[in-house]
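Residues per chain, in single letters:
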Amino acid sequence: MPEIGSGVGLLDQQKERAIGEKVYREVYRQLPVTENPWMEDRLLSVFTHILSQTQLNQPVGLLLINDPQINAFAV
């Protein structure tokens, strides 16, 4: 089992980051992103706690999608 933040083993971290950035831009462009500072702050506090337990030393993007069918996903 790979460590969280160490990559999945199939891609190096640079390629993994490039894919994540591309997906982030496409999601932002194609899906109904909601601007909600209160919700973003609440979720970011949870993610900050989770990230403090990983080896990720890079920024993480967070988007809120206005769609009742989507639960959550990470790239």
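By convention here, each chain's residues receive numbers from 1 onward along its written sequence. Residue-level local features of this predicted model are given only where pLDDT is at least 70; pairs of side-chain atoms are given and counted only at 80 or more, and the full residue set underlies all totals for whole chains, interfaces and linings. To get the side-chain values, all heavy atoms of the structure are used, and hydrogens and water are removed first.

Description of the overall build of the protein
Here is step 1 of the chain: Scanning the protein from N- to C-terminus turns up two helices and two strands.
Here is step 2 of the chain: Starting at the N terminus, the α and β elements of the protein follow one another as α-β-α-β.
Here is step 3 of the chain: Per-residue accessibility, obtained with a 1.4 Å probe over protein chains only, is compared with the maximum for each type, and a residue is labelled buried under 20%, exposed over 50%, and partly exposed between these values. Sorting the 75 residues of the protein into buried and exposed places 8% on the buried side.
Here is step 4 of the chain: Contact definition: two residues touch when any of their heavy atoms are within 4.5 Å. Here the contacts in the protein between residues at least 6 apart in sequence split such that 67% fall between residues at least 24 apart.
Here is step 5 of the chain: Carbon together with sulfur atoms contributes 56% to the accessible area of the protein, which is approximately 6,600 Å² in total. Counting from the N terminus, the helices are the DSSP runs of H or I reaching at least four residues and the strands are the DSSP runs of E reaching at least two. What sets the accessible areas is the Shrake-Rupley method with a 1.4 Å probe; for residues, cover comes only from the shown protein chains.

Here's the deal with the pattern of salt bridges
Here is step 1 of the chain: Between Lys or Arg on one side and Asp or Glu on the other, a salt bridge is scored when a side-chain nitrogen of the former is within 4 Å of a carboxyl oxygen of the latter. Considering all chains together, one arrives at two salt bridges under this definition.
Here is step 2 of the chain: Measuring nitrogen to oxygen at the nearest pair gives 2.9 Å for the salt bridge that ties R17 to E21. Of the two residues, R17 and E21 are both situated in helix α1 (residues 13–30); the distance of four residues between them amounts to about one turn of the helix.
Here is step 3 of the chain: The class for E21 is partly exposed, based on a relative accessible area of 36%.
Here is step 4 of the chain: For R29, the salt bridge identified is with E26, shortest N-O distance 2.8 Å. Pair noted here: R29 and E26 are both in helix α1, with a separation of three residues, about one helical turn.
Here is step 5 of the chain: Note on R29: relative accessible area 60%, which makes it exposed.
Here is step 6 of the chain: Note on E26: relative accessible area 29%, which makes it partly exposed.

Description of a nonpolar patch on the surface
Here is step 1 of the chain: The patch calculation keeps residues exceeding 30% relative accessible area without a salt bridge and links them within 9 Å when they carry like charges or within 5 Å when they are nonpolar (Val, Leu, Ile, Met, Phe, Trp, Tyr). Together, L11, I19, L31, I70, F73 and V75 make up an exposed nonpolar region whose accessible area comes to about 500 Å².
Here is step 2 of the chain: The residue V75 is located in the segment after β2 (64–65) in this model.

Notes on the environment of L43
Here is step 1 of the chain: Turning to its location among the elements, L43 is positioned in helix α2 (residues 37–51).
Here is step 2 of the chain: When its relative accessible area of 28% is taken as the criterion, L43 is described as partly exposed.
Here is step 3 of the chain: C-alpha of L43 to C-alpha of L64: the two residues are 21 residues apart in sequence and 9.5 Å apart in space.
Here is step 4 of the chain: Apart from residues no more than four positions distant in its own chain, L43 is found in contact with L62 and L64.

Focus: the confidence of the model for the protein
Here is step 1 of the chain: What pLDDT reports is the predictor's confidence in each residue, on a scale of 0 through 100. Scored by pLDDT, the protein has a mean of 81; 83% of the residues are at 70 or more.
Here is step 2 of the chain: Within the protein, α2 has the poorest average pLDDT of any element, 88, and strand β1 (residues 33–34) the best, 91.

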